[in-house]
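Secondary and tertiary structure notes
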Amino acid sequence: MKFRCDQENSWFRAGPVLGQPVNEWRYVRPIIKLSKCNNCGWCELYCPTGCISEEDDEVVIHLDYCKGCGICANECPKDAITMIDEEEE
């Protein structure tokens, strides 16, 4: 993702917070509609656990580190991220 700011947050490139999985208590999870995503980077910037990254020009959410807070979905300007129940496919 290419950010349009001069300075990134200090924790931004640190990876998932403490490297500890946090998904055990999650009851909703994010799903990305890649056809709507414009790779703006807002989801990666706002994710508090750092579980969103860009791989091969595609946004990827590492669900082991996602706590299901929904901040990424709320901040997405293209509504490309939705939160679904954990049991849904």
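Below is a short write-up of the structure. (Residues numbered from 1 in each chain as written. Predicted model: local features only at pLDDT ≥ 70, side-chain atom pairs only at ≥ 80, totals over all residues. Heavy atoms only, no water.)

With 13 residues, the main nonpolar core has Cys-43, Cys-51, Ile-52, Ile-61 and Ile-81 as its most contacted residues. Looking at this core, the elements that each hand over two or more residues are strand S3 (58-61) and helix H2 (71-75). Contacts of Cys-51, omitting those with residues within four sequence positions, involve Val-60, Ile-61, His-62, Tyr-65 and Cys-66. (Core = buried A, V, L, I, M, F, W, Y, C linked by side-chain atoms within 4.5 Å. Buried < 20%, exposed > 50% of the residue type's maximum accessible area, 1.4 Å probe, protein only. Helix = DSSP H or I, 4+ residues; strand = E, 2+ residues; numbered from the N terminus. Contact = heavy atoms within 4.5 Å.)

Of note in the backbone geometry, Asp-56 takes a positive phi value of approximately 55° without being a glycine. Phi at Asp-79 is positive, roughly 50°, even though this residue is not glycine. Relative to the assigned elements, Asp-79 resides in the loop between H2 and strand S4 (81-85).

Attention now goes to the pairing of S3. Residues Val-59 and Ile-61 line the buried face of S3, whereas the alternating positions Glu-58 and Val-60 sit on a face that is not buried. Strand direction decides the pairing type here: strand S2 (residues 52-55) and S3, joined by 4 bridges, are antiparallel. By the bridge assignment for S3, Glu-54 is matched with Val-59. (Pairing = 2+ DSSP bridges.)

We now examine the environment of Val-22. Mapped onto the elements, Val-22 comes out in the segment before strand S1 (28-32). Between the C-alpha atoms of Val-22 and Leu-63, which are 41 residues apart in sequence, the distance is 8.8 Å. If sequence neighbours within four positions are ignored, Val-22 has contacts with Thr-49, Asp-64, Tyr-65, Cys-66 and Lys-67.

Counted by the stated rule, this structure contains 2 salt bridges. For the salt bridge of Arg-26 with Glu-86, the shortest nitrogen-to-oxygen distance reads 2.8 Å. Here Arg-26, found in the segment before S1, pairs with Glu-86, found in the segment after S4; they are 60 residues apart in sequence, far enough to count as distant. Note on Arg-26: relative accessible area 8%, which makes it buried. Relative accessible area serves as the criterion here: at 27%, Glu-86 is assigned to the partly exposed category. A salt bridge links Arg-29 to Glu-86, with the nearest nitrogen and oxygen atoms 3.9 Å apart. Note that Arg-29 is positioned in strand S1 and Glu-86 in the segment after S4, a separation of 57 residues in sequence. Taking the relative accessible area as the measure of exposure, Arg-29 reaches 11% and is therefore buried. Overlapping salt bridges bring together Arg-26, Arg-29 and Glu-86 as one network. (Salt bridge = Lys/Arg side-chain N within 4 Å of Asp/Glu carboxyl O.)

Worth remembering: the numbers are spatial, not functional.
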